[in-house]
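What the coordinates show
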Amino acid sequence: MNNYEKFLQLHHNSTPLILANAWNVKSAQLIEQNGYDAIGTSSGAISNSLGYEDGEKMPFNELLYIVRRIANCTQIPLSVDLERGYTNNLNDLTDNIEQLIDTGVVGINLEDAQGEEIYLKKLDAIKNHLERNNQKLFINARTDGFLQKLDSPLELTIKRAKLYQEAGADGLFVTAIADPEVIKEIASSITLPLNVVGTSKLSSFKTLADCGVKRISMAVFLYKATYGQLDQFAKSVKANQSLESLF
């Protein structure tokens, strides 16, 4: 199987895909070396590491540079957090997609924070581009009804899941949910593989698997934990006036 086929299959196994999220080459290499099956990027982590706020404040060409370096230095499937696509122009969007595919990317996350109408236009443009060029890309449709605190978020999420699947999405990523019963309700109401982010209150892989989750992401949390440790080392060296804690 090629990397796209491997990545697709990882969403349909009996156990969930555990996706660690990288922000540079070294973090991606460590993820690969520790036996993970795939790498995802985190837009929040990459943006923060480059001095930008999250939310498409980082130029696409800077994201592309990081993604290209990761792809060139790793072998396992790579999926990219594309936020809202880094443009509202559909031609520019498909150009962005083409550049990612040329880099070796096999999947993306695409957010619907701008609403269903714009999202479906973007999804349709991407799928048409892929079909015209006989290309494959796993599209993980991120829906933010809970995150944005929209009315009736559970019902809205299930409705959007069906719309996005009909439009060609391959997976559903639901943000800001930590209630096992809500996760079970979503998983049992859709046929797309369900992706959630583990949280401090819901971190067990088994518990999430029992809820019907097929993909568990770390989002920005691996990045934050890493730099939290770096912060502690820096404080220790200064406080103790010694490099001992580094060895």
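Coordinates for the structure precede this section.
What comes next concerns the included structure. Please read all numbers here as calculations on a predicted model, not as lab measurements.

1. Some words on the nonpolar core
By size, the foremost hydrophobic cluster in this structure holds 59 residues, and its most contacted members are Leu 63, Leu 100, Ile 108, Leu 172, Ile 186 and Leu 194. It is helix H4 (residues 60-73) that provides the largest number of residues to this core, a total of seven residues. With near-sequence residues (within four places) excluded, Leu 100 lies in contact with Phe 60, Leu 64, Val 67, Val 80, Leu 82, Val 105 and Ile 108. Counting eight residues, the second-largest nonpolar core is a separate cluster that includes Phe 7, Leu 17, Leu 19 and Phe 138.

2. What to know about H4
If you check H4, its first and last C-alpha atoms are 20 Å apart, about what 14 residues at 1.5 Å a residue would give, namely 20 Å. Taken as a whole, H4 has its buried residues at Phe 60, Leu 63, Leu 64, Ile 66, Val 67, Ile 70 and Ala 71. The arc enclosing the buried residues of H4, seen along the axis, measures out at 165°, which places them on a common side. Exposed and facing more than 90 degrees away from the buried side of H4 are Asn 61, Tyr 65 and Asn 72. The inward-facing, buried residues of H4 contact helix H2 (25-33), strand S2 (39-41), helix H3 (43-49), strand S3 (78-81) and helix H5 (90-103).

3. A look at the packing of helix H7 (residues 153-166) against helix H8 (residues 180-189)
Where H7 contacts H8, the two axes come as close as 10 Å, and the packing angle between them is 25°. With respect to H8, the axis of H7 lies roughly parallel. As H7 packs across H8, the resulting crossing turns out to be right-handed. Together, Leu 154, Thr 157, Ile 158 and Lys 162 of H7 and Val 182, Glu 185, Ile 186 and Ser 189 of H8 make up the contact between the two elements. Split into classes, the residues belonging to the contact of H7 with H8 amount to four nonpolar, two polar and two charged.

4. Section: the pairing of strand S6 (residues 171-174)
A two-sided burial pattern is seen for S6, the buried positions comprising Gly 171 and Phe 173 on one face and Leu 172 and Val 174 on the other. Alignment of strand S5 (residues 138-143) against S6, held across four bridges, turns out to be parallel. By the bridge assignment, Asn 140 is partnered in S6 with Gly 171. A crossover connection joins S5 to the parallel S6 through H7; in handedness this β-α-β unit is right-handed. Across two bridges, the pairing between S6 and strand S7 (residues 194-197) is parallel. Opposite Leu 172, over in S7, you have Leu 194 as the bridge partner. Taking the sense of rotation as the criterion, the β-α-β connection linking S6, H8 and S7 turns out right-handed.

5. Quick notes on the side chain of Glu 116
Its place among the elements puts Glu 116 in helix H6 (residues 116-132). Within the structure, the side chain of Glu 116 is placed 3.3 Å from the side chain of Lys 159, a separation counted as a polar contact. Setting aside chain neighbours within four positions, we find Glu 116 in contact with Leu 156, Lys 159, Arg 160, Leu 163 and Tyr 164.

6. A look at the sheet that holds strand S8 (residues 213-217)
Adjacent strands of a sheet pair through backbone hydrogen bonds, lying either parallel or antiparallel. One closed barrel holds the eight strands; their spatial order is S1-S2-S3-S4-S5-S6-S7-S8, and the pairing between them is parallel. Sheet twist, expressed as the average angle between the axes of neighbouring strands with direction ignored, equals 25°. Taken strand by strand, H4 contacts S2 and S3, and its axis lies near 165° from that of S3.

7. Points about the side chain of Thr 74
Within the fold, Thr 74 resides in the loop between H4 and S3. On the basis of relative accessible area, Thr 74 is assigned to the buried category, the value being 7%. Polar contacts involving the side chain of Thr 74 include one to the main-chain carbonyl oxygen of Ile 70, which spans 2.7 Å. Setting aside its immediate chain neighbours within four residues, Thr 74 contacts Ala 28, Gln 29, Glu 32 and Ile 39.

8. Overview of the environment of Lys 127
Tracing the chain through its elements places Lys 127 in helix H6. Sequence-wise, Lys 127 and Ala 167 are 40 residues apart; in three dimensions their C-alpha atoms are separated by 8.0 Å. Look past the residues within four positions of Lys 127 in its chain and what remains in contact with it is Ile 139, Ala 167 and Gly 168.

9. Concerning the packing of aromatic side chains
Under the counting rule described, the total for this entry stands at six aromatic pairs. Here the aromatic rings of Trp 23 and Tyr 223 are separated by 5.1 Å at their centres, their planes lie at 80°, and the arrangement is edge-to-face. Linking Trp 23 in the loop between strand S1 (17-22) and H2 with Tyr 223 in helix H10 (residues 221-240), this pair joins segments that are 200 residues apart in sequence. A relative accessible area of 7% places Tyr 223 in the buried class. Consider the rings of Tyr 223 and Tyr 227, whose centres lie 4.8 Å apart with planes at 50°: the pair is tilted.

Cut-offs applied
Residues take numbers from 1 onward in each chain, read along the sequence in its written order. Note on the predicted model: pLDDT of at least 70 is required for a residue's local features to be given, and 80 or more for side-chain atom pairs to be given and counted; whole-chain, interface and lining totals, by contrast, use all residues. Where side-chain values are given, they derive from all heavy atoms of the structure, hydrogens and water being excluded. Only buried residues count toward a nonpolar core. Its members are Ala, Val, Leu, Ile, Met, Phe, Trp, Tyr and Cys residues joined through side-chain atoms within 4.5 Å. Working definition: with a 1.4 Å probe on protein chains only, accessible area under 20% of the residue-type maximum means buried, over 50% means exposed, and in between means partly exposed. Under the scheme used here, helices are H or I runs from DSSP no shorter than 4 residues and strands are E runs no shorter than 2 residues, and both carry numbers assigned from the N terminus. The contact definition used throughout considers only heavy atoms, calling two residues in contact when any of these lie within 4.5 Å. By this rule the span expected of a helix is its residue count minus one, scaled by 1.5 Å. Note: the arc covers the axis-to-C-beta directions of the helix. Between the N-to-C directions of two axes lies an angle of 0 to 180 degrees, each axis being a line fitted to C-alpha atoms and, for a helix, fitted only over the stretch in contact. Should an angle lie under 35 degrees it is considered roughly parallel, over 145 roughly antiparallel, and from 65 to 115 roughly perpendicular; all remaining angles are considered oblique. Take the far helix as the reference: if the near one is turned anticlockwise from it by less than a right angle, the crossing is left-handed, and if turned clockwise, right-handed. Classes in brief: Ala, Val, Leu, Ile, Met, Phe, Trp, Tyr, Cys and Pro nonpolar; Asp, Glu, Lys and Arg charged; the others, Gly included, polar. If DSSP finds at least two bridges between two strands, the strands pair. When the strands point away from the viewer and the path from the first strand over the helix to the second turns clockwise, the crossover is right-handed. Polar contact is defined as a pair of N or O atoms within 3.5 Å, subject to the rule that within protein one atom must be able to donate a hydrogen and the other to accept it, and that residues adjacent in sequence are counted only when both atoms are side-chain atoms. Between the rings of Phe, Tyr and Trp (Trp by its six-membered ring), a pair exists once the centres lie within 6.5 Å; its type follows the angle of the planes, with under 30 degrees stacked, over 60 edge-to-face, and the other angles tilted.

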